[in-house]
Amino acid sequence: MHIISYKRLREFNKQHGDSLVPLDTWYKIAKKANWQNLIDVHTVFPKAEAVGNFTVFNIKGNKYRLIVSIDYERQLIYIKHILTHAEYDKDKWKNDPYF
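Remember, it's a predicted structure, so these values are computed and weren't measured experimentally.

Participant: Got a minute to help me understand unusual backbone geometry in this structure?
Facilitator: Leaving glycine aside, a negative phi is the common case for residues, and trans is the common case for peptide bonds. Residues Ile-4 and Ser-5 are joined by a peptide bond in cis, for which omega reads 0 degrees. We note that Lys-60 has phi near 55 degrees; this positive angle belongs to a residue other than glycine. Relative to the helices and strands, Lys-60 resides in the loop between strand S3 (54–59) and strand S4 (64–71). Take Lys-60: its relative accessible area is 39%, and that puts it in the partly exposed class.

Participant: Sorry, what's going on with the layout of surface pockets here?
Facilitator: Empty space among the atoms becomes visible once a probe the size of a water molecule is rolled across them. As a volume, the largest pocket reaches approximately 150 Å³. Along the walls of the largest pocket sit Trp-26, Phe-45, Pro-46, Lys-47, Ala-48, Phe-57, Asn-58, Ile-59, Lys-60 and Gly-61, which together make up its complete lining. Top element by residues in the lining of the largest pocket is S3. It accounts for 3 residues. By residue class, the composition of the lining of the largest pocket is 6 nonpolar, 2 polar and 2 charged.

Participant: Explain the environment of Ile-3 to me, please; I cannot follow it from the model alone.
Facilitator: Considering the arrangement of structural elements, one finds Ile-3 in strand S1 (residues 2–4). On the basis of relative accessible area, Ile-3 is assigned to the buried category, the value being 7%. Through-space distance from the C-alpha of Ile-3 to that of Leu-76 is 5.9 Å; in sequence the pair is 73 residues apart.

Participant: Got a minute to help me understand the side chain of Asn-13 in this structure?
Facilitator: With respect to the helices and strands, Asn-13 occurs in helix H1 (residues 6–15). A polar contact is formed between the side chain of Asn-13 and the side chain of Ser-19, at a distance of 3.2 Å. In this structure Asn-13 touches Ser-19 and Leu-20, once residues within four positions along its chain are discounted.

Participant: I tried to follow the packing of aromatic side chains on my own but got confused; where do I start?
Facilitator: For any pair of aromatic rings, the description consists of the separation of the ring centres together with the inter-plane angle of the planes. The full count for this structure, using the stated rule, is 6 aromatic pairs. Look at Trp-35 and Phe-57: their rings are 6.5 Å apart centre to centre, the planes differ by 25 degrees, and that puts the pair in the stacked class. One end of the pair, Trp-35, is in the loop between helix H2 (20–32) and helix H3 (38–44); the other, Phe-57, is in strand S3, and 22 residues separate them in sequence. Take Phe-57: its relative accessible area is 1%, and that puts it in the buried class. Taken together, Trp-26, Trp-35, Phe-45 and Phe-57 form an aromatic cluster joined through their ring pairs. Taking the ring centre of Tyr-88 as reference, the NZ or CZ of Arg-65 above it sits at 4.3 Å.

Rules used in this analysis
- Here the residue numbering is sequential within each chain, running from 1 through the sequence in written order.
- For this predicted model, a pLDDT threshold of at least 70 governs which residues receive local features, and a threshold of 80 or more governs which side-chain atom pairs are given and counted, while totals over whole chains, interfaces and linings are taken from all residues.
- Computation of side-chain values: all heavy atoms of the structure, hydrogens and water removed.
- Strands are runs of DSSP state E lasting at least 2 residues, helices are runs of H or I lasting at least 4, and numbering of each runs from the N terminus.
- Burial classes: relative accessible area under 20% of the type maximum marks a residue as buried, over 50% as exposed, and values in between as partly exposed (1.4 Å probe, protein chains only).
- Space inside and on the surface of the protein is sampled on a 1 Å grid over the protein atoms alone, with a cavity defined as a set of points where a 1.4 Å probe fits but cannot get out and a pocket as an open set with protein on both sides within 12 Å along at least 5 of 7 lines; lining residues have an atom within 4 Å of a point.
- Grid points are joined across faces, edges and corners, and a volume is the space filled by probe spheres set on the points.
- Amino acids outside the nonpolar list (Ala, Val, Leu, Ile, Met, Phe, Trp, Tyr, Cys, Pro) and the charged list (Asp, Glu, Lys, Arg) are all regarded as polar, and Gly is one of them.
- Think of a polar contact as two N or O atoms within 3.5 Å of one another; within protein, one of them needs to be a possible hydrogen donor and the other a possible acceptor, and neighboring residues in sequence only count if both atoms come from side chains.
- Contacts: residue pairs with any heavy atoms within 4.5 Å of one another.
- Two rings from Phe, Tyr or Trp (for Trp, the six-membered ring) form a pair when their centres sit within 6.5 Å of each other. Planes less than 30 degrees apart are called stacked, planes more than 60 degrees apart edge-to-face, and all others tilted.
- Whether a charge lies above a ring is judged from NZ of Lys or CZ of Arg, which has to be within 6 Å of the ring centre and within 35 degrees of the ring normal.

This is the structure in structure tokens:
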């Protein structure tokens, strides 16, 4: 998978220093993946869930939420949002026009 963009992960880590290792681990796994659908994602990340047009990953024991759009055909992952669990619960990210 090609991931767009790692820069968002680095930016998030500047404010949430404890997110570096789990986000980097997710990145390394996803980059090597060849997922064809959400079922394939679940083989590695069983708690990932589809929410609207996005896939949501629990990061660092559900402390953070990584929200991505996955184009399985083109093997692309677009990082849309990285939020704390509290921010995620406010549902503001669902105003994204692609939701």
